[in-house]
Amino acid sequence: MSEPLLSVRDLRVVFQMATGEIEALHGVDFDIQPGSTVALVGESGSGKSVTAQAVMGILPANARITSGQLIFNDPLSGASTDIASLPADSSQLQDIRGGRISIIFQEPMVSLSPLHTVGDQVSEALFLHHDVTRAQGMEQTEAMLEMVGFPNPARALRTYPFELSGGLRQRAMIAMALVCRPSLLIADEPTTALDVTVQAQILNLIRDLQSELKMALLLITHDLGVVANMAQTVVVMYHGRIVESGTAVDLFKDPGHPYLSALFKAVPRFGMAASERLVPVRTIEHELGEHFQSPASQALQTGPLLDVRHLCKTFTIRGTGLFGRNESTRVKAVDDVSFSIQRGECLGLVGESGCGKTTVSKILMRALSPDSGSVEFHDGQGPVNLFGLDDDAMMAMRRKMQLIFQDPFSSLSPRMTVFDIVREPLVIHQRGDTASQRELVQELMRLVGLDPRFLSRYPHSFSGGQRQRISIARALALQPQLLICDEPVSALDVSIQAQVLNLLKDLKAELGLTYLFISHNLAVIDYIADRVAVMHRGRLVEMASRDQLFSNPAHPYTRSLLQAVPHPDLAKPLDFEAITASGGSDPTQWPTAFQLDADSDSQWLDLGQGHRVRARTNANPGEIMQ
């Protein structure tokens, strides 16, 4: 075997905290061969990103390497360098960092400066590491932007990051990392924040560039589906230690360590039996108290709980000229959306970022007013038109409808204790006195599997999964009938995601809850939803039961979403050519029957058993199912 490009040997890193030193890495060992892909797998807090920071020489100020070696064998110069022994400000380390080893960070909007153009940021490393003129540097930068798939590289040079979509921002990060043609690229969760189709495009791009530039890839992720499609070697980390490593074929076929086996069992998969449950790495037990029992009267009621008809919402984007002279543009965020949710049902609302899912949820909660349309809530005493209620009546209605937000980090106030956070809805709606509120809050904590003794703590002392369970407890405080879950597990690791999904399924069954579950993760929707609605650019394009939609999708957009989902199975690799050929989210590449513009008349075609698809008015079912 050839000499490794990077050898990590007995790497130990400690963090200096107020309470003393904490060792984050406990003797980490692995090799990366030239041109190979190594996946570093583990949950948040396992030490993956700290390992990458140590290799790049960008550890936080309160962290230091106490022992170990990071031997980088540069194929260009033939030099062998121990990165761990270099001072942070040494010129040798600066030559390696960005020039020979580059990194892509998880969140491109945070990593890119909003004050500088994409061209200036991508070319910065080039001017730092290579002796080129301004004209030569910008020419090479434009060529790199073209290589990573920018549709108009010359224009992109003058573009600011906030003007780009999430996928293009990540492409700009990749261009910045690769402009100096490094030998090793470290990709730290490069697709976690991206939609499934954009994720497939970025993975394909990284793989193509890796082959073209003959570079090695250290892929840091907790997504086993991504690992199955990208890696030859897998290194599994748990609490700062390597617990298992080997070829992807060996580890996927026969995982040896219980932790890796547990990770596989926690991943939602297509085709799971209705009775089959995810198995989280750490199970949680919740307790159903006397205040939280499904009312017998509610169990006897049938029919829709929520009826949404012809919702439309348009936003106006102001002109961007210096004096606002450019014409304003109107964006139709929600376009004639209609659906109903039956009592006790979970309706999954699926689509990419920007398709209008969250706008719909805000309209349902009346945080936004629609241009037209109606929403009726059936509370057992006749339908209630939400848009006809005054403020006091709407306040009362919100007791029956609650929202769980996507990000548990930003949706909980850091200045409030958990007791105050969970109790707040009871105070606002004047439910009970302080003693009864405390009793109810304690019961809510047990309901979501948290110890009531933690009520005096603040949100920062909890993990992401625990914070999301606190959000669920707050949403359940008023004992609502409908929960709108807006991407409630997208910010969580796979094992924590399994905990929260199992909890939501159990609460739905035990409390008789009804869910509108918004997500772009189709495997999660397959696990939790009874029916699925697919949304594209403000319109619903397909609706069906879960089994029908995933076994026999009719709309090309739905098919492209399903094709782009990476499976944690080496026998089911992503077909990047098929994903591209499907047309993805570009309607101009769809079959004629599905191509709808603003002036096109459309219809819902009934394919039987509640399976409906949106198509041109003159289309027929036979043409649709070809």
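Predicted model, so just to flag it, every value in this text is computed and none were measured. (Residues numbered from 1 in each chain as written. Predicted model: local features only at pLDDT ≥ 70, side-chain atom pairs only at ≥ 80, totals over all residues. Heavy atoms only, no water.)

Peer 1: So what's going on with the overall build of the chain? Which residues, and what values?
Peer 2: The helix and strand tally for the chain stands at 23 helices and 22 strands. Here the C-alpha radius of gyration of the chain, 26 Å, is about what a compact globule of 626 residues would show, namely 25 Å. Based on the C-alpha atoms only, the size of the chain along its principal axes is roughly 80 × 60 × 55 Å. Residues counted as buried form 52% of the 626 residues belonging to the chain. When the accessible surface of the chain is split by element, carbon and sulfur atoms take 49% of a total near 27,800 Å². In the chain, the 54 positive side-chain charges and the 69 negative ones have mean positions that sit 4 Å from each other. (Helix = DSSP H or I, 4+ residues; strand = E, 2+ residues; numbered from the N terminus. Rg over C-alpha atoms; globule rule 2.2 N^0.38 Å. Buried < 20%, exposed > 50% of the residue type's maximum accessible area, 1.4 Å probe, protein only. Areas by Shrake-Rupley, 256 points an atom, 1.4 Å probe, with all protein chains shown as cover. Lys, Arg positive; Asp, Glu negative; His and termini not counted. Charge placed at Lys NZ, Arg CZ, Asp CG, Glu CD.)

Peer 1: Just give me the short version of the sheet that holds strand β4 (residues 63-73), but keep the residues and values in it.
Peer 2: Within the open sheet, the four strands sit side by side as β2-β1-β4-β5. Their pairing is antiparallel. In this open sheet, the two strands that pair with only one neighbour each are β2 (20-32) and β5 (80-82). Between one strand and the next, the sheet's axes are offset by a mean angle of 10°, whatever the strand orientation. The strands touched by helix α1 (residues 48-56) are β1 (6-17), β2 and β4; relative to β1, the strand with the most contacts, the crossing angle is about 110°. (Pairing = 2+ DSSP bridges. Axes fitted to C-alpha atoms, helices over the stretch in contact; angles between N-to-C directions. Contact = heavy atoms within 4.5 Å.)

Peer 1: Which residues make up the pairing of strand β19 (residues 531-536), and what are the values?
Peer 2: Of all six residues in β19, five are buried; the element is thus mostly enclosed. Where strand β13 (residues 346-350) meets β19, four bridges bridge the pair, whose relative direction is parallel. Each bridged residue has a counterpart across the sheet, and for Leu347 the counterpart in β19 is Arg531.

Peer 1: Go over the domain arrangement of the chain, please, and point to the residues and values.
Peer 2: Per the domain assignment, the segments of the chain are domain 1 (1-100 + 182-266), domain 2 (110-180) and domain 3 (340-554). A separation of 36 Å is found between the C-alpha centroids of domain 1 and domain 3. Each partner contributes residues to the interface: domain 1 has ten residues there, and domain 3 has nine residues. Both sides of the domain 1 and domain 3 interface together cover about 900 Å² of buried area, and 45% of this is carbon and sulfur. Among the residues of domain 1 in contact with domain 3, Asp195, His222 and Ala266 are the three that bury the most area, contributing 52% of the side total. In this structure, the connection of domain 1 to domain 3 is made through zero salt bridges. Across the domain 1-domain 3 interface, the total number found is four residue pairs in polar contact (both at pLDDT 80 or more). Elements that contribute at least two residues to the side of domain 1 that touches domain 3 include exactly α8 (196-213) and α11 (258-266). (Domains from an automatic or database assignment. Buried area = accessible area lost by both parts, 1.4 Å probe. Salt bridge = Lys/Arg side-chain N within 4 Å of Asp/Glu carboxyl O. Polar contact = N/O pair within 3.5 Å; in protein donor to acceptor, adjacent residues only side chain to side chain.)

Peer 1: Please set out helix α15 (residues 418-428) residue by residue, giving values where relevant.
Peer 2: Counting along an α-helix, one turn takes 3.6 residues, and residues three or four places apart therefore face a common direction. Buried within α15 are the following residues: Val418, Phe419, Ile421, Val422, Pro425 and Leu426. Those residues of α15 that are buried lie in contact with α16 (434-447) and α17 (464-476). Positive phi shows up at Gln430, right after α15, with a value of about 55°.

Peer 1: Please set out the side chain of Gln121 residue by residue, giving values where relevant.
Peer 2: Mapped onto the elements of the fold, Gln121 is located in helix α4 (residues 118-129). A distance of 2.8 Å separates a polar atom in the side chain of Gln121 from the backbone oxygen of His116. If sequence neighbours within four positions are ignored, Gln121 has contacts with Leu112, Ser113, His116, Pro161 and Met176.

Peer 1: Run through the nonpolar core, naming residues and quoting values.
Peer 2: The biggest cluster of nonpolar side chains holds 128 residues, and the ones touching the most others in it are Ile174, Val234, Ile472, Leu476, Leu507 and Phe517. With residues near it in sequence (within four places) discarded, Ile174 still touches Ile104, Val148, Ile202, Leu205, Ile206 and Leu209. (Core = buried A, V, L, I, M, F, W, Y, C linked by side-chain atoms within 4.5 Å.)

Peer 1: Got a sec to walk through the pairing of β1? Specific residues and values, please.
Peer 2: Here β1 runs beside β4; their pairing, made up of eight bridges, is antiparallel. Looking at β4, one finds that Ser7 is bridged to Ile71. Bridge count between β1 and β2: ten bridges; the pairing is antiparallel. When the bridges of β2 are listed, Val8 appears paired with Phe30. Following β1, the chain reverses through two residues before pairing antiparallel with β2.

Peer 1: Give me the lowdown on the environment of Val281, citing residues and values where you can.
Peer 2: In this fold, Val281 is placed in the loop between α11 and α12 (296-300). Since its relative accessible area comes to 23%, Val281 is described here as partly exposed. Each C-alpha atom, one on Val281 and one on Ser495, is 5.6 Å from the other, the two residues being 214 residues apart in sequence. If we skip the residues at most four places from it in the chain, Val281 touches Tyr259, Ala262, Leu263 and Ser495.

Peer 1: Tell me what's going on with the environment of Gln499, and back it up with residues and numbers.
Peer 2: Tracing the backbone shows Gln499 in helix α18 (residues 494-511). Along the chain, Gln499 and Gln466 lie 33 residues apart, while their C-alpha atoms are 9.7 Å from each other. Beyond its immediate chain neighbours, meaning those up to four positions away, Gln499 contacts Pro280, Arg282, Ile284 and Arg469.

Peer 1: So what about α1? Which residues, and what values?
Peer 2: Taking burial as the measure, the nine residues of α1 include seven buried ones, the bulk of the element. The complete set of buried residues in α1 reads Lys48, Val50, Thr51, Ala52, Ala54, Val55 and Met56. Once α1 ends, the next one or two residues include Gly57, with phi positive near 70°.

Peer 1: Give a description of a nonpolar patch on the surface that names residues and reports values.
Peer 2: A surface patch of nonpolar side chains, about 290 Å² in accessible area, is lined by Met109, Tyr160 and Phe162. The topology assignment puts Tyr160 in the loop between α6 (153-156) and α7 (166-178). Residue class for Tyr160 comes out partly exposed when judged on its relative accessible area of 30%. (Patch = residues over 30% accessible without salt bridge, like charges linked within 9 Å, V, L, I, M, F, W, Y side chains within 5 Å.)

Peer 1: Can you tell me about unusual backbone geometry, naming the residues and giving the values?
Peer 2: Although it is not a glycine, Arg181 adopts a positive phi angle of roughly 55°. Positionally, Arg181 belongs in the loop between α7 and β7 (184-188). Taking relative accessible area as the criterion, Arg181 reaches 45% and is therefore assigned partly exposed. If you check the backbone angles, His239 has positive phi at about 50° while not being a glycine. For His239, the position within the fold is in the loop between β9 (233-238) and β10 (241-247). Look at His239 and you get exposed, because its relative accessible area is 51%.

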